[in-house]
Amino acid sequence: MPVLVASDLDRTLIYSAAALALTMPDARAPRLLCVEVHESKPLSYLTETAAQLLTDLGDAAVFVPTTTRTRKQYQRINLPGPEPKYAICANGGHLLVDGVSDPDWNAHVQARLAEQCAPLEEVRDHLMASADPLWVRKHRIAEDLFAYLVVERELLPEEWVKELAVWAENRGWTVSLQGRKIYAVPKPLTKSAAMHEVARRTGADLTLAAGDSLLDADLLLAADKGWRPGHGELADAEWTAPAISALPERGVLAGERILREFLKATRTTTP
């Protein structure tokens, strides 16, 4: 039976220059591999060691990139190793099979959202009305599923984020602050539901997961075993659960450690 590995990408396996956390002396810094270019500029990295670990993992398990990114944003990433057959985008709203969104899955998700939470338009209008142009740089709607803002983090009032979280909670939505982005996401839109669907299709009897943000919590809880890095929303909240390992590593070296843990768990399970 195959092992399924569903991992968040940004600030879990891949890192922007600002998130690398290279605190060691320059001469001891790890060699980096660029895995994403946007508008002709390098954007995301992992270590060369992590690149080899990910290649090995792709050969040993069903590796499923699992991200809140839109399909277009995900397709900018060029990960090392075998091309994943499955990928989860838009926080579970799109299940890609050989690079193409499964229309039946997306229709299933859209139906759940219509039944269980306030409409996207209401949330979008609230964000537009309540967010201050002084610290908002961009308003975005992702895949007609959820909304996010790009903000100047140092100008962002903490109280506004807390008030938004309470407002969203009462309408069946959740709020997550990740770097310079504030996400408003419907609660029924989950990475875990899509992971369960891939497990069903592949017959996986063991699921492993990793993630750093509040939007990854449901994924980690749904997996048989999970890991979180020493940075991010979950680390800041000291969030944990019985099957979750809280790693001390921060930045790009946390991504390397997570891949080692995935491989170790896969190899001890697979005959």
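As a reminder, the structure under discussion sits directly above these lines.
The structure reproduced in this document is the subject of the present report. For every chain, the first residue of its written sequence is number 1, and the numbers climb from 1 along that sequence. Where local features are concerned, this predicted model is filtered to residues with pLDDT of at least 70; where side-chain atom pairs are given and counted, the filter is 80 or more; whole-chain, interface and lining totals use all residues. Side-chain calculation: all heavy atoms of the structure are included, whereas hydrogens and water are not.

Moving on, we get to the pattern of salt bridges. Here, a salt bridge means any Lys or Arg side-chain nitrogen found within 4 Å of an Asp or Glu carboxyl oxygen. By the definition in use, this model includes 20 salt bridges. With its nearest N and O atoms 2.8 Å apart, the salt bridge here joins E36 to R69. Highlighted residues: E36 in strand 3 (residues 32-38) and R69 in the loop between strand 5 (62-65) and helix 2 (71-74), separated in sequence by 33 residues. Here E36 and R69 have matching classes, each one buried. E197 is the partner of R201 in a salt bridge, and the nearest nitrogen-oxygen pair spans 2.8 Å. Here E197 and R201 lie together in helix 6 (residues 191-202), a separation of four residues that amounts to about one turn. The network of salt bridges with shared partners includes D10, E36, R69 and R76. Helical segments are the DSSP runs of H or I of at least four residues, strand segments are the runs of E of at least two, and each set is numbered from the N terminus. Relative accessible area decides the class of each residue, using a 1.4 Å probe on protein chains only: under 20% of the type maximum gives buried, over 50% gives exposed, and in between gives partly exposed.

Further remarks concern the sheet that holds strand 6 (residues 86-89). Paired strands, in this sense, are two strands between which DSSP finds at least two bridges. The antiparallel open sheet is built from three strands, whose spatial order is 6-7-8. Looking at strand neighbours, the two that pair on one side only are strand 6 and strand 8 (100-101), the edges of this open sheet. Sheet analysis places strand 6 next to strand 7 (residues 94-97), joined by four bridges and oriented antiparallel. What sits directly across from Y86, in strand 7, is V97.

Take the packing of aromatic side chains next. Between the rings of Phe, Tyr and Trp (Trp by its six-membered ring), a pair exists once the centres lie within 6.5 Å; its type follows the angle of the planes, with under 30 degrees stacked, over 60 edge-to-face, and the other angles tilted. The full count for this structure, using the stated rule, is four aromatic pairs. Each ring, one from Y148 and one from Y183, has its centre 5.4 Å from the other, and the planes form 40°; the classification is tilted. Taken as a pair, Y148 in strand 10 (residues 146-151) and Y183 in strand 12 (residues 181-186) lie far apart in primary sequence, 35 residues in all. There is no split in this pair, since Y148 and Y183 are both buried. Ring geometry for W227 and F262: centres 5.5 Å apart, planes at 90°, overall edge-to-face. With W227 in strand 14 (residues 225-228) and F262 in helix 9 (residues 252-269), this residue pair connects regions lying 35 residues apart in the sequence. Look at F262 and you get buried, because its relative accessible area is 0%. Site record: aromatic cluster; members linked through ring pairs are F146, Y148 and Y183. Its guanidinium or amino end placed over the ring of Y86, K85 lies 5.9 Å from that ring's centre, counting from NZ or CZ. Remark: a charge is flagged as sitting over a ring if the NZ atom of Lys or the CZ atom of Arg is within 6 Å of the ring centre and within 35 degrees of the ring normal.

The subject of this paragraph is the side chain of D212. You can see D212 is positioned in the loop between strand 13 (206-210) and helix 7 (217-222). In this structure D212 comes out as buried when scored by relative accessible area, which is 4%. Any pair of nitrogen or oxygen atoms within 3.5 Å is treated as a polar contact; in protein, a donor-acceptor pairing is required on top of that, and neighbouring residues in sequence qualify only through side-chain atoms on both sides. Side-chain polar atoms of D212 contact the side chain of T12, separated by 3.1 Å. The residues contacting D212, other than those within four sequence positions of it, are D8, D10, R11, T12, P229, H231, G232, E233 and L234. Contacts between residues were defined by any pair of non-hydrogen atoms, one from each residue, lying within 4.5 Å.

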